[in-house]
Amino acid sequence: QPQAEALRERIDGSLNWYELVPVLDDLAVLVLSLADSGQRDFEEYLRQLNERLESFLGHLGDAHAGYTDVLDNARGFDQSLREQVSGLQASVQQATDLNSLKLAVDSRLNGLLASMDEHQREQAEHEQEVSGRLQALMERVNSMEQDAKAFHSHLEDQRQKALTDPLTGLPNRVLLRERIEQALENGKDRTVAGALLLIDLDHFKHINDSLGHTTGDMLLKEVSKRLQHQLDERCLLSRLGGDEFAILV
(Lines give C-alpha, C1' and ligand atoms only; values in the text may rest on other atoms or scores of the structure.)
Protein backbone atom coordinates (compact mmCIF):
# COMPACT_ATOMS: atom_id res chain seq x y z
CA GLN A 1 0.00 0.00 0.00
CA PRO A 2 2.75 2.56 0.81
CA GLN A 3 4.49 1.71 -2.48
CA ALA A 4 1.24 2.18 -4.39
CA GLU A 5 0.57 5.54 -2.73
CA ALA A 6 4.13 6.69 -3.48
CA LEU A 7 3.66 5.72 -7.12
CA ARG A 8 0.35 7.58 -7.25
CA GLU A 9 2.03 10.74 -5.97
CA ARG A 10 4.81 10.42 -8.54
CA ILE A 11 2.32 9.85 -11.38
CA ASP A 12 0.10 12.74 -10.25
CA GLY A 13 3.16 15.01 -10.25
CA SER A 14 4.73 16.66 -13.28
CA LEU A 15 6.43 13.63 -14.83
CA ASN A 16 8.56 14.02 -17.90
CA TRP A 17 9.17 11.19 -20.35
CA TYR A 18 12.49 10.29 -18.76
CA GLU A 19 11.01 10.09 -15.25
CA LEU A 20 8.16 7.92 -16.53
CA VAL A 21 10.52 5.00 -17.22
CA PRO A 22 11.46 4.22 -13.58
CA VAL A 23 7.85 4.84 -12.51
CA LEU A 24 6.60 2.21 -14.97
CA ASP A 25 9.40 -0.11 -13.89
CA ASP A 26 8.40 0.20 -10.22
CA LEU A 27 4.75 -0.26 -11.18
CA ALA A 28 5.62 -3.49 -12.99
CA VAL A 29 7.47 -4.81 -9.94
CA LEU A 30 4.51 -3.92 -7.71
CA VAL A 31 1.98 -5.58 -10.02
CA LEU A 32 4.10 -8.72 -10.28
CA SER A 33 4.37 -8.97 -6.51
CA LEU A 34 0.60 -8.51 -6.11
CA ALA A 35 -0.28 -10.93 -8.89
CA ASP A 36 1.85 -13.67 -7.37
CA SER A 37 0.08 -16.74 -6.06
CA GLY A 38 1.41 -16.03 -2.58
CA GLN A 39 -1.82 -14.31 -1.59
CA ARG A 40 -3.91 -17.32 -2.57
CA ASP A 41 -1.43 -19.63 -0.84
CA PHE A 42 -1.68 -17.51 2.28
CA GLU A 43 -5.48 -17.56 2.26
CA GLU A 44 -5.51 -21.34 1.78
CA TYR A 45 -2.99 -21.74 4.60
CA LEU A 46 -5.14 -19.62 6.92
CA ARG A 47 -8.21 -21.68 6.02
CA GLN A 48 -6.39 -24.94 6.76
CA LEU A 49 -4.93 -23.49 9.94
CA ASN A 50 -8.40 -22.46 11.10
CA GLU A 51 -9.73 -25.98 10.49
CA ARG A 52 -6.79 -27.52 12.34
CA LEU A 53 -7.24 -25.15 15.26
CA GLU A 54 -10.92 -26.07 15.50
CA SER A 55 -9.99 -29.76 15.50
CA PHE A 56 -7.21 -29.07 18.01
CA LEU A 57 -9.61 -27.31 20.36
CA GLY A 58 -12.05 -30.20 19.96
CA HIS A 59 -9.40 -32.72 20.97
CA LEU A 60 -8.32 -30.48 23.82
CA GLY A 61 -11.93 -30.32 25.04
CA ASP A 62 -12.17 -34.12 24.82
CA ALA A 63 -8.95 -34.50 26.78
CA HIS A 64 -10.26 -32.10 29.43
CA ALA A 65 -13.54 -34.01 29.55
CA GLY A 66 -11.58 -37.24 29.99
CA TYR A 67 -9.59 -35.70 32.81
CA THR A 68 -12.85 -34.56 34.42
CA ASP A 69 -14.19 -38.11 34.10
CA VAL A 70 -11.09 -39.40 35.89
CA LEU A 71 -11.68 -36.96 38.75
CA ASP A 72 -15.34 -37.92 38.94
CA ASN A 73 -14.37 -41.59 38.98
CA ALA A 74 -11.90 -40.97 41.81
CA ARG A 75 -14.54 -39.11 43.82
CA GLY A 76 -17.04 -41.93 43.20
CA PHE A 77 -14.51 -44.52 44.33
CA ASP A 78 -13.78 -42.54 47.46
CA GLN A 79 -17.48 -42.32 48.23
CA SER A 80 -17.93 -46.05 47.60
CA LEU A 81 -15.06 -46.88 49.97
CA ARG A 82 -16.53 -44.68 52.66
CA GLU A 83 -19.90 -46.39 52.30
CA GLN A 84 -18.31 -49.86 52.42
CA VAL A 85 -16.24 -49.05 55.52
CA SER A 86 -19.24 -47.44 57.19
CA GLY A 87 -21.32 -50.55 56.40
CA LEU A 88 -18.57 -52.77 57.76
CA GLN A 89 -18.49 -50.77 60.97
CA ALA A 90 -22.27 -51.02 61.28
CA SER A 91 -22.17 -54.79 60.63
CA VAL A 92 -19.57 -55.28 63.35
CA GLN A 93 -21.65 -53.31 65.80
CA GLN A 94 -24.83 -55.22 64.93
CA ALA A 95 -23.27 -58.72 64.94
CA THR A 96 -24.66 -60.96 67.69
CA ASP A 97 -22.24 -63.87 67.38
CA LEU A 98 -18.90 -64.75 65.85
CA ASN A 99 -20.35 -66.57 62.85
CA SER A 100 -22.58 -63.67 61.80
CA LEU A 101 -19.65 -61.31 62.31
CA LYS A 102 -17.49 -63.41 60.00
CA LEU A 103 -20.20 -63.47 57.35
CA ALA A 104 -20.72 -59.70 57.60
CA VAL A 105 -16.99 -58.93 57.43
CA ASP A 106 -16.52 -61.34 54.54
CA SER A 107 -19.39 -59.78 52.60
CA ARG A 108 -18.13 -56.25 53.17
CA LEU A 109 -14.56 -57.19 52.23
CA ASN A 110 -15.82 -58.76 49.02
CA GLY A 111 -17.68 -55.52 48.33
CA LEU A 112 -14.51 -53.50 48.97
CA LEU A 113 -12.43 -55.70 46.67
CA ALA A 114 -15.09 -55.51 43.95
CA SER A 115 -15.17 -51.71 44.23
CA MET A 116 -11.37 -51.53 44.00
CA ASP A 117 -11.30 -53.82 40.97
CA GLU A 118 -14.00 -51.76 39.23
CA HIS A 119 -12.18 -48.56 40.05
CA GLN A 120 -8.86 -49.85 38.70
CA ARG A 121 -10.55 -51.07 35.53
CA GLU A 122 -12.27 -47.71 34.91
CA GLN A 123 -9.08 -45.86 35.82
CA ALA A 124 -7.07 -47.87 33.29
CA GLU A 125 -9.70 -47.24 30.57
CA HIS A 126 -9.76 -43.51 31.27
CA GLU A 127 -5.97 -43.27 31.35
CA GLN A 128 -5.71 -45.11 28.06
CA GLU A 129 -8.35 -42.86 26.51
CA VAL A 130 -6.72 -39.67 27.79
CA SER A 131 -3.29 -40.90 26.67
CA GLY A 132 -4.65 -41.51 23.17
CA ARG A 133 -6.19 -38.04 23.04
CA LEU A 134 -2.98 -36.41 24.27
CA GLN A 135 -0.99 -38.37 21.68
CA ALA A 136 -3.35 -37.16 18.97
CA LEU A 137 -2.92 -33.60 20.24
CA MET A 138 0.86 -33.90 20.14
CA GLU A 139 0.73 -35.24 16.58
CA ARG A 140 -1.47 -32.34 15.50
CA VAL A 141 0.78 -29.81 17.22
CA ASN A 142 3.84 -31.28 15.46
CA SER A 143 2.02 -31.26 12.13
CA MET A 144 0.94 -27.63 12.57
CA GLU A 145 4.48 -26.67 13.58
CA GLN A 146 5.91 -28.27 10.43
CA ASP A 147 3.29 -26.53 8.28
CA ALA A 148 4.07 -23.21 9.96
CA LYS A 149 7.81 -23.62 9.30
CA ALA A 150 7.19 -24.51 5.65
CA PHE A 151 4.87 -21.56 5.13
CA HIS A 152 7.21 -19.20 6.97
CA SER A 153 9.93 -20.25 4.51
CA HIS A 154 7.50 -19.68 1.64
CA LEU A 155 6.61 -16.20 2.92
CA GLU A 156 10.29 -15.36 3.28
CA ASP A 157 10.84 -16.41 -0.35
CA GLN A 158 7.96 -14.17 -1.42
CA ARG A 159 9.37 -11.31 0.63
CA GLN A 160 12.77 -11.70 -1.00
CA LYS A 161 11.11 -11.61 -4.43
CA ALA A 162 9.29 -8.41 -3.46
CA LEU A 163 12.63 -6.86 -2.41
CA THR A 164 14.52 -7.89 -5.56
CA ASP A 165 14.69 -6.25 -8.96
CA PRO A 166 13.49 -8.92 -11.43
CA LEU A 167 15.82 -7.85 -14.26
CA THR A 168 19.19 -7.54 -12.53
CA GLY A 169 18.56 -9.56 -9.38
CA LEU A 170 19.75 -6.60 -7.30
CA PRO A 171 17.92 -5.30 -4.24
CA ASN A 172 15.23 -2.79 -5.22
CA ARG A 173 14.43 0.61 -3.73
CA VAL A 174 12.22 -0.96 -1.02
CA LEU A 175 15.12 -2.98 0.42
CA LEU A 176 17.46 0.01 0.01
CA ARG A 177 15.06 2.13 2.07
CA GLU A 178 15.00 -0.56 4.79
CA ARG A 179 18.78 -0.71 4.92
CA ILE A 180 19.07 3.08 5.08
CA GLU A 181 16.62 3.17 7.99
CA GLN A 182 18.59 0.41 9.74
CA ALA A 183 21.84 2.31 9.20
CA LEU A 184 20.35 5.49 10.63
CA GLU A 185 18.97 3.59 13.62
CA ASN A 186 22.28 1.84 14.26
CA GLY A 187 24.15 5.14 13.95
CA LYS A 188 22.20 6.89 16.70
CA ASP A 189 24.41 5.72 19.53
CA ARG A 190 27.77 5.73 17.80
CA THR A 191 29.66 7.48 15.03
CA VAL A 192 29.35 5.59 11.77
CA ALA A 193 30.90 6.76 8.53
CA GLY A 194 28.61 6.17 5.58
CA ALA A 195 27.66 7.41 2.16
CA LEU A 196 24.93 7.02 -0.41
CA LEU A 197 26.13 7.01 -4.03
CA LEU A 198 23.61 7.66 -6.80
CA ILE A 199 24.43 6.47 -10.32
CA ASP A 200 22.72 6.80 -13.67
CA LEU A 201 23.83 5.73 -17.14
CA ASP A 202 24.41 8.48 -19.69
CA HIS A 203 22.44 8.29 -22.97
CA PHE A 204 20.64 5.14 -21.92
CA LYS A 205 17.45 6.28 -23.65
CA HIS A 206 19.37 6.59 -26.89
CA ILE A 207 20.61 3.01 -26.54
CA ASN A 208 17.06 1.76 -26.02
CA ASP A 209 15.76 3.78 -28.98
CA SER A 210 18.52 2.84 -31.38
CA LEU A 211 19.44 -0.72 -30.38
CA GLY A 212 16.23 -1.88 -28.71
CA HIS A 213 15.08 -2.62 -25.17
CA THR A 214 16.56 -6.12 -25.22
CA THR A 215 20.01 -4.62 -25.70
CA GLY A 216 19.23 -2.05 -23.02
CA ASP A 217 18.30 -4.83 -20.59
CA MET A 218 21.54 -6.68 -21.38
CA LEU A 219 23.46 -3.47 -20.70
CA LEU A 220 21.74 -3.01 -17.32
CA LYS A 221 22.60 -6.58 -16.33
CA GLU A 222 26.24 -6.17 -17.37
CA VAL A 223 26.60 -2.85 -15.55
CA SER A 224 25.05 -4.45 -12.44
CA LYS A 225 27.57 -7.32 -12.52
CA ARG A 226 30.54 -5.02 -12.99
CA LEU A 227 29.47 -2.66 -10.24
CA GLN A 228 28.85 -5.56 -7.87
CA HIS A 229 32.26 -7.01 -8.67
CA GLN A 230 33.91 -3.79 -7.44
CA LEU A 231 32.10 -3.74 -4.08
CA ASP A 232 32.62 -5.67 -0.83
CA GLU A 233 30.09 -6.96 1.70
CA ARG A 234 29.90 -3.58 3.45
CA CYS A 235 28.21 -2.03 0.40
CA LEU A 236 24.66 -2.53 -0.85
CA LEU A 237 24.13 -2.06 -4.58
CA SER A 238 20.51 -1.58 -5.59
CA ARG A 239 18.57 -0.64 -8.71
CA LEU A 240 16.22 2.28 -8.19
CA GLY A 241 14.55 1.84 -11.57
CA GLY A 242 15.32 2.50 -15.24
CA ASP A 243 19.03 3.26 -15.54
CA GLU A 244 19.36 4.51 -11.97
CA PHE A 245 21.36 2.67 -9.31
CA ALA A 246 22.35 3.42 -5.73
CA ILE A 247 25.15 2.19 -3.50
CA LEU A 248 24.84 2.34 0.27
CA VAL A 249 28.35 2.35 1.79
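Going by the structure above, here's the rest.
Draft legend 1. Focus on the overall build of the protein chain. Helix and strand counts for the protein chain come out as seven helices and three strands. By the burial criterion, 24% of the 249 residues in the protein chain qualify as buried. Contacts in the protein chain between residues far apart in sequence, at least 24 positions, make up 65% of those at least 6 positions apart. Working note: accessible area of the protein chain is about 17400 Å², and carbon and sulfur atoms make up 55% of it.

Draft legend 2. Region of interest: the pattern of salt bridges. All told, the structure shown has six salt bridges when counted by the stated rule. Its salt-bridge partner being Arg8, residue Glu5 comes within 3.7 Å of it at the nearest N-O pair. Within this pair, Glu5 and its partner Arg8 are both found in helix α1 (residues 2–12), separated by three residues, close to a single helical turn. Asp209 is the partner of Lys205 in a salt bridge, and the nearest nitrogen-oxygen pair spans 2.9 Å. Of the two residues, Lys205 and Asp209 are both situated in helix α6 (residues 204–211); the distance of four residues between them amounts to about one turn of the helix. Residue Asp209 is classed as exposed on the basis of its relative accessible area of 54%.

Draft legend 3. Spotlight on a nonpolar patch on the surface. On the surface, a nonpolar cluster with roughly 240 Å² of combined accessible area is contributed by Leu24, Leu27 and Val31. On the secondary structure map, Leu24 appears in helix α2 (residues 17–35). On the basis of relative accessibility, which here comes to 46%, the residue Leu24 falls in the partly exposed class.

Draft legend 4. Main features of the pairing of strand β2 (residues 236–241). In terms of residue burial, β2 counts as a mostly covered element, since six of its six residues are buried. Here five bridges tie β2 to strand β3 (residues 244–248), and the two strands are oriented antiparallel to one another. Each bridged residue has a counterpart across the sheet, and for Leu236 the counterpart in β3 is Leu248. Linking β2 to β3, which pair antiparallel, is a turn of two residues; within it Gly242 sits at a positive phi near 60 degrees.

Draft legend 5. Highlighting the nonpolar core. In this structure, Leu170, Leu201, Phe204, Leu220, Val223, Leu237, Phe245 and Ile247 together form the largest nonpolar core, which totals eight residues. Listing elements by their share of this core, those giving two or more residues are α7 (213–229) and β3. Residues within four places of Leu201 in sequence aside, it is in contact with Leu219, Leu220, Val223, Asp243 and Phe245. Grouped together as the second largest cluster of nonpolar side chains are five residues, Leu176, Leu236, Leu240 and Ala246 included.

Draft legend 6. Geometry of the packing of α6 against α7. Two elements in contact, α6 and α7, have axes separated by 6 Å at closest approach and are oriented at 140 degrees. Overall, the two elements α6 and α7 adopt an arrangement that is oblique. Along its contact with α6, which presents Phe204, Ile207, Asn208 and Leu211, the element α7 presents His213, Thr215, Gly216, Leu219 and Leu220.

Conventions we followed
- Residues numbered from 1 in each chain as written.
- Predicted model: local features only at pLDDT ≥ 70, side-chain atom pairs only at ≥ 80, totals over all residues.
- Heavy atoms only, no water.
- Helix = DSSP H or I, 4+ residues; strand = E, 2+ residues; numbered from the N terminus.
- Buried < 20%, exposed > 50% of the residue type's maximum accessible area, 1.4 Å probe, protein only.
- Contact = heavy atoms within 4.5 Å.
- Areas by Shrake-Rupley, 256 points an atom, 1.4 Å probe, with all protein chains shown as cover.
- Salt bridge = Lys/Arg side-chain N within 4 Å of Asp/Glu carboxyl O.
- Patch = residues over 30% accessible without salt bridge, like charges linked within 9 Å, V, L, I, M, F, W, Y side chains within 5 Å.
- Pairing = 2+ DSSP bridges.
- Core = buried A, V, L, I, M, F, W, Y, C linked by side-chain atoms within 4.5 Å.
- Axes fitted to C-alpha atoms, helices over the stretch in contact; angles between N-to-C directions.
- Parallel < 35°, antiparallel > 145°, perpendicular 65-115°, else oblique.

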